[in-house]
Amino acid sequence: MKQDMFVILDQGSDENAALARRVRAMGCYSEIHPHDITREELAALPGVRGVILSHGKNTLPDGSAPVPHADALTLYPTLDAPCSDEALRTFLFDTCHASPTWTTENFIDDAVEQLRRQIGDRRVLLALSGGVDSSVVAALLIRAIGDQLVCVHVNHGLLRKGEPEQVVRVFRDELGAKLIYVDATDRFLNKLAGVSEPEAKRKIIGAEFIDVFAEEAAKLSGIDFLAQGTIYPDIAESGTKTGKAVKAHHNVGGLPEKFDFELVEPLKYLFKDEVRAVGHALGLPDSMVYRQPFPGPGLGVRCLGAITRDRLEAVRESDAILREEFARAGLEGKVWQYFTLIPDFRSTGVKDNARAFEWPVIIRAVNTVDAMTATIERLDWDLLDRITYRITHEVPGVNRVCYDLSPKPTGTIEWE
Ligand code: XMP
């Protein structure tokens, strides 16, 4: 390992992740570990220079406060948090003599070496959705093991305009990945036909995804590993070994439970912006690395009610127009999430001097830090005008555009 590491002992503080980030911002790698880590477990971690005790208010199920193993703390110098930046810096570099070795390049070198050691000459399977995390995992594994990686891209027909094509172009044509492309659009839309309840739609999409992926996996032989784009926020909040789990996390809708594969999770200690930096350094296009969040069920939850092909195409086309106009207005990467959705009712309008009983499209543009609450982006009126004109003139079957002004709460970001 090229990197010095600091261990943050989780004693129930809300500040653990922020503290881990502060240490990394100073150039040192950090990991959060449960307060009850033993001396042996701590000694087995590579490159540890010091331990930071992050104090919190949580209590364990038996009512006691989480306290670290005293003998574990005798191994390395310790620092109590919260602490000032100055105190933290003094601890890292003067007390513990760490070097600021935490860089994207060092991470990639270490991860490649570790992956090669873990995988050897065996093969790895990856569900490549085209999202940031799975794309970066793919790029890292291509660097580490080349064509021992098999990617499966399941197009459920609910992706944004141009996305499946981009996945194939970037990974198969440019990076030379072994990529199996499955167009399962008809299969998903047939299963979803007539289903209007949002959670039922989500369940069908999730279950169908696993079925399609499992069928593709069954056609392959000699695969030992399943790669996953788990990232640090997915696991950093999971509490302590003995204490409460703050949140139960699982990834890719239950894939690991379904398969008897060993897991490969090369991003599991990275925060989102670090994942993006790794993707950028590995040569992935910015449109993939810096893309806005997009839900797993995709346009399936933006085509409200029972999905129909005409409305699905209308939401896909209007979303593409919205994104194009946002990019032209310099708003790409500045607004947290923006998209269109289409309800399942029509309204009266006029087109070409005739009555047009057609669908409305709704624009959503929100800003948030953690998606728990959100505010509305105050879009420029001329921009809204332009988007409205284009959508109502270029997207078949749409005669109105509305702009949703509801923050979260009381709205959620998605409508379903
Ligand atoms: P809400 O609508 O709950 O959305 O305010 C918060 C964030 O979560 C995304 N979202 C989802 N992501 N599967 C996902 O992977 C889902 O079923 C899902 N539902 C909402 C949403 O896009 C927003 O960023």
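Before any of the text, the structure's been laid out above.
As a starting point, this report considers the structure included with it. (Residues numbered from 1 in each chain as written. Predicted model: local features only at pLDDT ≥ 70, side-chain atom pairs only at ≥ 80, totals over all residues. Heavy atoms only, no water.)

1. Side note on the sheet that holds strand β5 (residues 123–127)
Here comes step 1: Taken together, 5 strands build an open sheet; the order of strands is β7-β6-β5-β8-β9 and the sheet is parallel. The open sheet has two edge strands, β7 (178–183) and β9 (262–264), and neither has a second partner. Here the strands of the sheet are splayed against their neighbours by 30° on average, with no regard to which way each runs.
Here comes step 2: Sitting on the sheet, helix α5 (residues 132–145) touches β5, β6 (149–155), β8 (223–227) and β9, and the angle it makes with β5 is about 160°.
Here comes step 3: In this fold helix α8 (residues 198–219) packs onto β5, β6, β7 and β8, with an angle of close to 155° to the strand it touches most, β5. (Pairing = 2+ DSSP bridges. Helix = DSSP H or I, 4+ residues; strand = E, 2+ residues; numbered from the N terminus. Axes fitted to C-alpha atoms, helices over the stretch in contact; angles between N-to-C directions. Contact = heavy atoms within 4.5 Å.)

2. Structural notes on the sheet that holds strand β1 (residues 5–11)
Here comes step 1: Strand order across the open sheet formed by 4 strands is β2-β1-β3-β4, with parallel pairing between neighbours. Two strands in the sheet have a free side with no partner beyond their single neighbour: β2 (29–34) and β4 (78–81). Mean inter-strand twist for the sheet, computed between neighbouring axes without regard to direction, equals 25°.
Here comes step 2: Both β1 and strand β3 (residues 48–55) contribute to a ladder of 7 bridges, which runs parallel. Its bridge partner lying in β3, Gln11 is registered against His55.
Here comes step 3: The strands that helix α1 (residues 16–25) touches are β1, β2, β3 and β4; relative to β2, the one it contacts most, it runs at about 155°.

3. What to know about the pattern of salt bridges
Here comes step 1: Under the criterion given, the structure shown has 29 salt bridges.
Here comes step 2: A salt bridge links Arg22 to Asp85, with the nearest nitrogen and oxygen atoms 2.9 Å apart. Separated by 63 residues along the polypeptide, Arg22 in helix α1 and Asp85 in helix α3 (residues 85–95) bring together distant segments of the chain.
Here comes step 3: A residue is classified by how much of its surface remains accessible, and Asp85, at 41% relative accessible area, is partly exposed. (Salt bridge = Lys/Arg side-chain N within 4 Å of Asp/Glu carboxyl O. Buried < 20%, exposed > 50% of the residue type's maximum accessible area, 1.4 Å probe, protein only.)

4. Details of the packing of helix α4 (residues 104–119) against helix α11 (residues 272–281)
Here comes step 1: Close contact between α4 and α11 brings their axes to 10 Å; oriented N to C, the two are set at 80°. Relative to α11, the element α4 is oriented roughly perpendicular. For the pair α4 and α11, the contacting residues are Thr104, Glu105, Phe107 and Ile108 in the first and Ala277, Val278 and Ala281 in the second.
Here comes step 2: A breakdown of the residues in the contact of α4 with α11 according to their chemical character gives 5 nonpolar, 1 polar and 1 charged. (Parallel < 35°, antiparallel > 145°, perpendicular 65-115°, else oblique. Nonpolar A, V, L, I, M, F, W, Y, C, P; charged D, E, K, R; others polar.)

5. Some remarks on the packing of helix α7 (residues 185–192) against α8
Here comes step 1: Contact pair α7 / α8: the axes reach a minimum separation of 10 Å and the direction vectors enclose 145°. Remark: the crossing between α7 and α8 carries right-handed chirality. Note on element contacts: α8 touches α7 through Lys201, Ile204, Ile205, Glu208, Phe209, Asp211, Val212 and Glu215, opposite Arg187, Phe188, Lys191 and Leu192.
Here comes step 2: Along the lines of polarity and charge, the residues of the contact of α7 with α8 split into 6 nonpolar, no polar and 6 charged. (Left-handed = near helix turned anticlockwise from the far one by under 90°.)

6. Thoughts on the site of the ligand
Here comes step 1: Around the ligand, the structure places Arg202, Pro295, Gly296, Pro297, Trp336, Gln337, Ala371, Lys408, Thr412, Ile413 and Glu414.
Here comes step 2: At 2.9 Å, a side-chain N or O of Gln337 approaches an oxygen atom of the ligand.
Here comes step 3: Between Lys408 and the ligand, the recorded distance is 2.6 Å, taken from a side-chain N or O atom to an oxygen atom.
Here comes step 4: Burial of the ligand by the protein chains amounts to 69% of its free accessible area of 490 Å².
Here comes step 5: Its residues assigned to classes, the shell around the ligand comprises 5 nonpolar, 3 polar and 3 charged. (Near = heavy atom within 4 Å. Polar contact = N/O pair within 3.5 Å; in protein donor to acceptor, adjacent residues only side chain to side chain. Areas by Shrake-Rupley, 256 points an atom, 1.4 Å probe, with all protein chains shown as cover.)

7. What about the environment of Arg400?
Here comes step 1: With respect to the element layout, Arg400 can be found in strand β14 (residues 398–403).
Here comes step 2: Separated by 41 residues in sequence, Arg400 and Trp359 have C-alpha atoms that sit 7.0 Å apart.
Here comes step 3: Sequence-distant contacts of Arg400, defined by excluding residues within four places in its chain, comprise Ser347, Thr348, Trp359, Pro360, Val361 and Thr392.
Here comes step 4: Only 2.6 Å separates the side chain of Arg400 from the side chain of Ser347, close enough to count as a polar contact.

8. Some thoughts on the pairing of β2
Within a regular beta strand, the side chains point alternately toward one face of the sheet and then the other, so they alternate between its two faces.
Here comes step 1: In terms of burial, β2 is a largely internal element, 6 of the 6 residues being buried.
Here comes step 2: Neither face of β2 is exposed, since Tyr29, Glu31 and His33 on one face and Ser30, Ile32 and Pro34 on the opposite face are all buried.
Here comes step 3: As paired strands, β1 and β2 are joined by 6 bridges and run parallel to one another. Residue pairing in the sheet places Asp10 in a bridge with Pro34 of β2.
Here comes step 4: You can see the chain leave β1, run along α1 and come back into β2, and the turn it takes is right-handed. (Right-handed = clockwise from strand over helix to strand, strands pointing away.)

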